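Descriptive structure summary
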Amino acid sequence: MAEIVPLAEAVNELVHDGDTVALEGFTHLIPHAAGHEVIRQERRDLTLVRMTPDVIYDQLIGMDCASKLVFSWGGNPGVGSLHRLRDAVENDWPAPLELEEHSHAGMAAAYAAGASNLPFGLVRGYEGTDLAARTRVAWITSPFDGEEVAAVPAIRPDVGIVHAQQADEAGNVQLWGISGIQKEVVLGSRRSIVTVEEVVPRFEPRPNAVFLPGWAITAVAVAPGGAHPSYALGYYERDNGFYVRWDEISRDRDRFQEWMRRYVLEREPSIA
Amino acid sequence: MAEIVPLAEAVNELVHDGDTVALEGFTHLIPHAAGHEVIRQERRDLTLVRMTPDVIYDQLIGMDCASKLVFSWGGNPGVGSLHRLRDAVENDWPAPLELEEHSHAGMAAAYAAGASNLPFGLVRGYEGTDLAARTRVAWITSPFDGEEVAAVPAIRPDVGIVHAQQADEAGNVQLWGISGIQKEVVLGSRRSIVTVEEVVPRFEPRPNAVFLPGWAITAVAVAPGGAHPSYALGYYERDNGFYVRWDEISRDRDRFQEWMRRYVLEREPSIA
Amino acid sequence: MTQVETATYTADEMMAVAAARRLRNGMVCFVGIGLPSRAANLARATHAPDCVLIYESGTIGAKPEHLPLSIGDGELAESADTVVSVPEIFGYWLQGGWVDVGFLGAAQIDRHGNLNSTVIGDYARPKVRLPGAGGAPEIAAMCRETFVMMRHTQRAFVEELDFLTTGGDGVTCVVTDLGVLERDDGELTLAELHPDVTVEDAQEATGWELRVAPDLRLGPPPTGDELEALRALKPANEDTVG
Amino acid sequence: MTQVETATYTADEMMAVAAARRLRNGMVCFVGIGLPSRAANLARATHAPDCVLIYESGTIGAKPEHLPLSIGDGELAESADTVVSVPEIFGYWLQGGWVDVGFLGAAQIDRHGNLNSTVIGDYARPKVRLPGAGGAPEIAAMCRETFVMMRHTQRAFVEELDFLTTGGDGVTCVVTDLGVLERDDGELTLAELHPDVTVEDAQEATGWELRVAPDLRLGPPPTGDELEALRALKPANEDTVG
């Protein structure tokens, strides 16, 4: 049964140096507040996993939390490059960053395999691309009809972190709108943290909602605005302007560090 | 785009002798009306596929529509045996019935593989059981960690048939409540028929609803009460008494045939 | 509190009570219809209100007020925390490793807890064709432990199964209408007797030489509360059925 | 009808119009953000109102009134027929074979339609690290056909890719700001020129010797309706962005 605990406590207890950590969110409900807490607690040598690493991963990488990134699309959506990610890959700053990259379809199959407790997932893909030689993929021949499909190793992070709209007192969680890969991450990770906008007495049933029972979550932490500058459907909209400003802030190492000091390091656990 | 057509026309055009046909419904929304139409049109030599064949499959088998059954649990839920199924397997009446049986987990993975256009699905199971020698299963060694898992061949029926609560004028379909394996069947079949309780101007968004776009369906047919004696959440309840009565009706070959003549063969397309 | 006649109760009622007592509050249970569902809902109505019931139809956290007659009864969906697809319930939830206890029945069981729910007689030409595996093989393989509920007869508790549908390694206890068998050193061993049942009764109903635990327990009879709760658990429209 | 200045339009506008014209009503399109999304929504606003837009965030049948800035914009979810998980959108819908047209961009393309969106320079020590594959490889492999939209430059239309991210076999046409290339006998061939563009302009912007179709077409300029619809397609909160 998930305990409702302060975010700082959840990160302190559940995220360790060297862990494989997936802070997921497919363009919605991105767990920024949790990522900032990981930065404040100076976790190091993490293998960061995410289909669409964007601003919060740029921040984690620029603050030297990660030694490896497993991903399928790394950019600032609608804006352009992630400058801190590029600086790490192109110039080893602040440290070298090992990459394991996939396609979205491959990574989605790998997450689903992890949630299903299977050693690998299957996907029609990778063949004939240069990606195949640069990532973990293998070919499997169908024992029934001889057809070949690609196999990708299951993703089973040490810690899965997602943001949701609501929890109830028992630590159950409900999220709605674009739900991306969040269910798979929570179910496929050894430990999980879900930050939520608020705790409500009971959930209102909603179309396209994902319910995550408290007994499948390790810790729930209340973090209002915890997805900002991403959005939480029904709570606040995407701060598109921030994504544009991030392009400028993150281009320069000094300006990036100054911003992080001011808006993340010197802040109490809350949104930046 | 799905056409809204009379049920008799849909069955006549889309279900052929010798086809592999899945009339699915996991204890809810079982497509009885469509099954009766298949019986009336005297389809023969069908390979019938269903996780939980119950009364409507008993009727199809007893009326000599099928030469093979692919399934994982065949019984009269809450009551007992399917006497027509047993008579076919135990005494070859009205004809021998070949069986390919699976576990629920295996068959669910096979349907999901079919919907995913993959040659096979993966499941932890079958090992150490007598089932393994009696069904289509193979073992695959993970190329990443050497672990073994079972592979089951994808299910891709010629025709998938399900019942749903509502369609709209464009042939889109919405169903809700227990949705079982219906999405996988419609998406994984070469052709599909969806019977619905009614056509509505527009769908009300609902929790736990499954939306099937008209462009993924071959034909939609209006069949009010078309799940009876199964139920359609929001429309009518399960006729538990019928399932009990079926036990008596179906025990005796003559009584069964008389019942089928009276309530199915001599009726117009509608519920029995 | 109403007065319940506790002096008379049926063997099936004792079986349901004994099984329900084994569920601890908060456990996540994967439940089949029939005896298992009755026992799990009794536990929820008595000492384990926060037991989480999962049915293979995809209902998670079902809280039925009436006993479901099928795993797909509408009340299961309407009272559930959420309803997921069948591939998801088996893939993410059962195989994913989230279930504490699986609750099964079967037609035959052997001393190792292996189960047959496929055929009596030869597979190709069976004397009785049974419904088949359903969810049982993976429930027994993937839950932390599996409880079996069966009426105790020589025909059911056999030296050799006609067909091995479900491997018994995960079966930790078998609750019958005579008592409870628990796994000891790999073999199902008589660990508890219901009131007024003897070791000889149990041996007589068992098709193999039944081991008896040195610390054989005598299970207490149903309490008034248990019987009252059990008898209040009626199917939604029993009239129609009966 | 309002008066729209059709005499002046940008090359990007022409590109969007030319791409939109290629979508037929009722087509199911798997759409990326940016140029493809703009063109697909223009088609929906003009001649193809029943085009079905699928975004990889899991929104099926999205009908945004504003141009989404990311594939996950709230309006996509709120206007969609349904929202499914990311494994489902790629597994059941894209890989399942339900999509008519995939709509992609890229950093580099070669004469066979192969695409690079991974790196410029060497993979291990890149000059420019690009975002990576995203959904592109499977979109190009699984859709019935794939349209590519790219601005036409020597840096983008190259003799040899720095990295082959996405195989080009399914790419049937490439819409640029200069014209349209179509696959002929396996090779992308100049099939249509936008107004005021010459074959020489296109050749100059292409890093390989560009084949020209014998029946090279001259595409008509945007109509007033097209331009009006295109210019009405604004991001939800462009102010914030600009």
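For the structure itself, look to the data block above.
What counts and what doesn't
- For every chain, the first residue of the written sequence is number 1, and numbering continues from 1 onward in sequence order.
- Chains and ligands are labelled by the order in which they are written, letters from A for the one and numbers from 1 for the other.
- Reporting of local features is limited, given that this is a predicted model, to residues whose pLDDT is at least 70; pairs of side-chain atoms are given and counted only at 80 or more, and all residues count toward the totals for whole chains, interfaces and linings.
- Note that water and hydrogens are dropped before the side-chain values are worked out from all heavy atoms of the structure.
- Should any heavy atoms of two residues lie within 4.5 Å, those residues are considered in contact.
- When two parts are brought into contact, each loses some accessible area as probed by a 1.4 Å sphere; the total of that loss over both is the buried area.
- What makes a salt bridge here is a side-chain nitrogen of Lys or Arg within 4 Å of a carboxyl oxygen of Asp or Glu, nothing more.
- Only runs of H or I of at least four residues qualify as helices and only runs of E of at least two qualify as strands under DSSP, and these elements are numbered from the N terminus.
- Ten residue types, Ala, Val, Leu, Ile, Met, Phe, Trp, Tyr, Cys and Pro, are classed as nonpolar, four, Asp, Glu, Lys and Arg, as charged, and the remainder, Gly among them, as polar.
- Here is the rule: rings of Phe, Tyr and Trp (six-membered ring for Trp) pair when centre to centre is within 6.5 Å. Planes less than 30 degrees apart are stacked, more than 60 are edge-to-face, and the remainder are tilted.
- Using a 1.4 Å probe on the protein chains alone, a residue whose accessible area is under 20% of its type maximum counts as buried, one over 50% counts as exposed, and one in between counts as partly exposed.
- By definition here, charges over rings are those cases where NZ of Lys or CZ of Arg is within 6 Å of the ring centre and within 35 degrees of the ring normal.
- Axis definition: a line fitted to C-alpha atoms, limited for helices to the stretch in contact. Angles are taken between N-to-C directions and run from 0 to 180 degrees.
- Just so you know how the angles are binned, under 35 degrees is roughly parallel, over 145 roughly antiparallel, 65 to 115 roughly perpendicular, and the rest oblique.
- Here the rule is simple: two strands pair whenever DSSP picks up at least two bridges between them.
- Two N or O atoms count as a polar contact when they lie within 3.5 Å, although within protein this holds only if one can serve as hydrogen donor and the other as acceptor, and sequence-adjacent residues are included solely when both atoms are side-chain atoms.
- Handedness of a helix crossing follows the sense of rotation of the near helix relative to the far helix, less than a right angle counterclockwise being left-handed and clockwise being right-handed.

1. Remarks on the interface of chain D and chain A
- At the junction of the two partners, chain D supplies 39 residues and chain A supplies 46 residues.
- The junction of chain D with chain A conceals about 3,500 Å² of combined surface from both sides, 59% of it contributed by carbon and sulfur atoms.
- On the chain D side of the contact with chain A, Tyr123, Arg129 and Pro131 of chain D bury the most area, a combined 17% of that side's loss.
- Connecting chain D to chain A are two salt bridges.
- Arg125 of chain D serves as the salt-bridge partner of Asp92 of chain A, at 3.3 Å between the closest nitrogen and oxygen.
- Breaking the side of chain D that touches chain A down by element, the ones donating at least two residues are α3 (74-79), β4 (82-83), α4 (86-94), β9 (126-129), α5 (136-142) and α8 (238-241) of chain D.
- Ranked by residue count, the leading element in the side of chain D that touches chain A is β9 of chain D, at four residues.
- Classifying every residue of the side of chain D that touches chain A by side-chain character gives 17 nonpolar, 15 polar and seven charged.

2. So, the packing of aromatic side chains
- Scanning the model with the defined rule gives 24 aromatic pairs over all chains in all.
- Measuring from centroid to centroid gives 5.7 Å for Phe242 of chain A and Trp259 of chain A, while their planes differ by 50 degrees, and the two rings are tilted. Of this pair, Phe242 of chain A sits in helix α7 (residues 240-251) while Trp259 of chain A is found in helix α8 (residues 253-265), placing the two residues 17 residues apart along the sequence.
- Seen in terms of ring centroids, Trp246 of chain B and Phe256 of chain B are 6.0 Å apart; in terms of plane orientation they differ by 80 degrees. Their pairing is edge-to-face. Linking Trp246 of chain B in helix α7 (residues 240-251) with Phe256 of chain B in helix α8 (residues 253-265), this pair joins segments that are ten residues apart in sequence. Here the two residues Trp246 of chain B and Phe256 of chain B agree in accessibility, since each one is buried.
- Put simply, the rings of Phe242, Trp246, Phe256, Trp259 and Tyr263 of chain A touch in pairs and so form one group of aromatic residues.
- Here the guanidinium or amino end of Arg238 of chain A rests over the ring plane of Tyr243 of chain A, the centre of that ring lying 3.8 Å away.
- The lysine or arginine in question, Arg50 of chain B, covers the ring of Tyr57 of chain B, its NZ or CZ lying 5.6 Å from the ring centre.

3. Details of the packing of α7 of chain B against α8 of chain B
Residues and elements named next belong to chain B.
- Where α7 contacts α8, the axes come no closer than 5 Å and their chain directions differ by 120 degrees. By the angle between their axes, α7 is oblique relative to α8. When α7 is examined against α8, the residues Phe242, Trp246, Glu248, Ile249, Ser250 and Arg251 are found in contact with a partner set consisting of Arg253, Arg255, Phe256, Trp259 and Met260.
- Residue composition of the contact of α7 with α8, grouped by class: six nonpolar, one polar and four charged.

4. Regarding the sheet that holds strand β3 (residues 59-60) of chain C
All names here are of chain C.
- An order of β4-β3-β2-β1-β5-β10-β11-β12-β13-β14 is seen for the ten strands of this open sheet, with the pairing classed as mixed. Each having just a single partner strand, β4 (82-83) and β14 (211-218) make up the two edges of the open sheet.
- As paired strands, strand β1 (residues 28-31) and strand β2 (residues 52-55) are joined by four bridges and run parallel to one another. Across the sheet, residue Val31 finds its bridge partner in β2, namely Tyr55.
- Across the sheet, helix α4 (residues 86-94) touches β1, β2 and β3, and the angle it forms with β1 is around 145 degrees.

5. Here's the deal with the sheet that holds strand β7 (residues 138-141) of chain A
Residues and elements named next belong to chain A.
- Pairing in this open sheet of three strands is antiparallel, and the strands run β6-β8-β7 from one edge to the other. Looking at strand neighbours, the two that pair on one side only are β6 (120-123) and β7, the edges of this open sheet. Going across the sheet, the axis of each strand differs from the next one's by a mean of 40 degrees, ignoring polarity.
- Sheet analysis places β7 next to strand β8 (residues 148-153), joined by four bridges and oriented antiparallel. Across the sheet, the residue bridging to Ile140 is Val149, located in β8.
- Together, β6 and β8 form the strand contacts of helix α5 (residues 104-115), whose direction differs from that of β6 by roughly 145 degrees.

6. Describing the side chain of His102 of chain B
- On the secondary structure map, His102 of chain B appears in the loop between β5 (98-101) and α5 (104-115).
- At a separation of 3.3 Å, a polar atom in the side chain of His102 of chain B contacts the side chain of Thr135 of chain B.
- Residue contacts for His102 of chain B: discarding those within four places in its chain leaves Val70, Phe71, Ser72, Met107, Tyr126, Leu131, Thr135, Arg136 and Val152 of chain B together with Ala133 of chain C.

7. With respect to the packing of helix α1 (residues 11-21) of chain D against helix α2 (residues 35-45) of chain D
All names here are of chain D.
- Direction vectors running N to C along α1 and α2 enclose 60 degrees, while the axes themselves pass 8 Å from each other. One element, α1, and the other, α2, form an angle in the oblique class. Classified by chirality, the crossing of α2 by α1 is right-handed. In this structure, α1 contributes Asp12, Glu13, Met15, Ala16, Val17, Ala19 and Ala20 to the contact, and α2 contributes Leu35, Arg38, Ala39, Leu42 and Ala43.
- Considered class by class, the residues forming the contact of α1 with α2 number nine nonpolar, no polar and three charged.

8. A word on unusual backbone geometry
- Pro94 of chain A follows Trp93 of chain A through a cis peptide bond whose omega is 0 degrees.
- Locating Pro94 of chain A in the fold gives a position in the loop between α4 (83-91) and β5 (98-101).
- Along the chain, His228 of chain A connects to Pro229 of chain A via a cis peptide bond; the corresponding omega equals 15 degrees.
- Relative to the helices and strands, Pro229 of chain A is located in the loop between β13 (219-222) and α7.
- Positive phi is not limited to glycine here, since Asp196 of chain C has a value of about 65 degrees.
- Counting through the fold element by element, Asp196 of chain C comes out in the loop between β13 (187-193) and α6 (199-204).
- Under the relative-accessibility criterion, Asp196 of chain C is labelled exposed at 77%.

9. Observations concerning the interface of chain C and chain B
- Residue-level contacts link 39 residues of chain C with 46 residues of chain B.
- Regarding the contact of chain C and chain B, the summed buried area is about 3,500 Å², with carbon and sulfur atoms giving 59% of it.
- For the chain C face of the interface with chain B, the top three residues by lost area are Tyr123, Arg129 and Pro131 of chain C, together amounting to 18%.
- Applying the counting rule to chain C against chain B returns two salt bridges.
- Across the salt bridge formed by Glu101 of chain B and Arg129 of chain C, the nearest N and O atoms sit 2.7 Å from each other.
- At the surface where chain C touches chain B, the tally comes to 15 residue pairs in polar contact (both at pLDDT 80 or more).
- Breaking the side of chain C that touches chain B down by element, the ones donating at least two residues are α3 (74-79), β4, α4, β9 (126-129), α5 (136-142) and α8 (238-241) of chain C.
- Examining the composition of the side of chain C that touches chain B, we find that four residues originate from one element, β9 of chain C, more than from any other.

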